[in-house]
Amino acid sequence: MTLDPGTVHRFAMLERAVKSFAKTGRFDESLKLIEEMLTIAPEDSGLSKLKARLAADLVKQAAQAQKIAAANQILEMVDAKIPQGHLGQTEKDLLAKAKEHLFSM
C-alpha cells in the first residue's frame, strides 16, 4: 500500500519544521510537531523506519545541545508510537546508539 500524496506532503513539511527547530536548538518547541509526525501512517513500516532514523538523529542533537529532557521525551514517544516489528536492525541500532549517547552524558 502506498501513501497518498497528502500524507507524504504533511510528513515532509513536519520533518522540515522539526529539523529547522533542531538546528537552532529549539527541541522543546518541536516536541508537539515530533509527536504529530510520529502519528502519521502508523501502519506503514517504511515510514516507521524513516521516523526512527530521524528520531535517533534528533536525540543525538538534543543530547549535544544539553536538552536532556527533550531527548528523553523523544525516545519515550518513539517507544510508544512506533511498533518494534516495523523496525529493521539498522533502525534499532541507531536508536540504541542514540540512547547510549544520551545516557553517557
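Procedures and definitions
- Residues numbered from 1 in each chain as written.
- Predicted model: local features only at pLDDT ≥ 70, side-chain atom pairs only at ≥ 80, totals over all residues.
- Heavy atoms only, no water.
- Helix = DSSP H or I, 4+ residues; strand = E, 2+ residues; numbered from the N terminus.
- Rg over C-alpha atoms; globule rule 2.2 N^0.38 Å.
- Buried < 20%, exposed > 50% of the residue type's maximum accessible area, 1.4 Å probe, protein only.
- Expected span 1.5 Å × (residues − 1).
- Arc of directions from axis to C-beta.
- Contact = heavy atoms within 4.5 Å.
- Polar contact = N/O pair within 3.5 Å; in protein donor to acceptor, adjacent residues only side chain to side chain.
- Core = buried A, V, L, I, M, F, W, Y, C linked by side-chain atoms within 4.5 Å.

Attention shifts here to the overall build of the protein chain. For the protein chain, the helix and strand inventory stands at five helices and zero strands. Starting at the N terminus and ending at the C terminus, the protein chain contains elements arranged as α-α-α-α-α. Its C-alpha atoms give the protein chain a radius of gyration of 13 Å, near enough to 13 Å, the size a compact globule of 105 residues would have. Its C-alpha atoms put the protein chain at 40 × 30 × 20 Å along the principal axes. Residue burial in the protein chain is summarised as follows: out of 105 residues, 39% are buried.

Bringing helix α1 (residues 5-23) into the picture now. Over its 19 residues, α1 extends 27 Å from the first C-alpha to the last, a length consistent with the 27 Å expected when each residue adds 1.5 Å. Restricting attention to buried positions, one finds in α1 the residues T7, F11, L14, E15, V18, F21 and A22. All buried residues of α1 project into a common sector of 125 degrees when viewed along the axis, lining one side. For α1, the exposed residues set more than 90 degrees away from the buried face come down to P5, R16 and K23. For α1, the secondary structure elements touched by its buried residues are α2 (27-39) and α3 (45-64). The backbone nitrogen of G6 has a side-chain oxygen 3.0 Å away, supplied by the residue at the start of α1, namely D4. Where α1 terminates, the next one or two residues include G25, which has phi positive at roughly 75 degrees.

Below, the discussion takes up the side chain of S30. If you trace the backbone, S30 turns up in helix α2. The contacts of S30, once residues within four sequence positions are left out, are V18 and F21.

Our next topic: the nonpolar core. I34, L58, V59, I74 and V78 are the most contacted members of the largest nonpolar core, which has 31 residues in total. Elements supplying a minimum of two residues to this core: α1, α2, α3, α4 (68-81) and α5 (89-103). It is α3 that provides the largest number of residues to this core, a total of nine residues. Beyond its immediate chain neighbours, meaning those up to four positions away, V59 contacts A71, I74, L75, A98 and L102.

In short, shape yes, function no, at least from these values alone.
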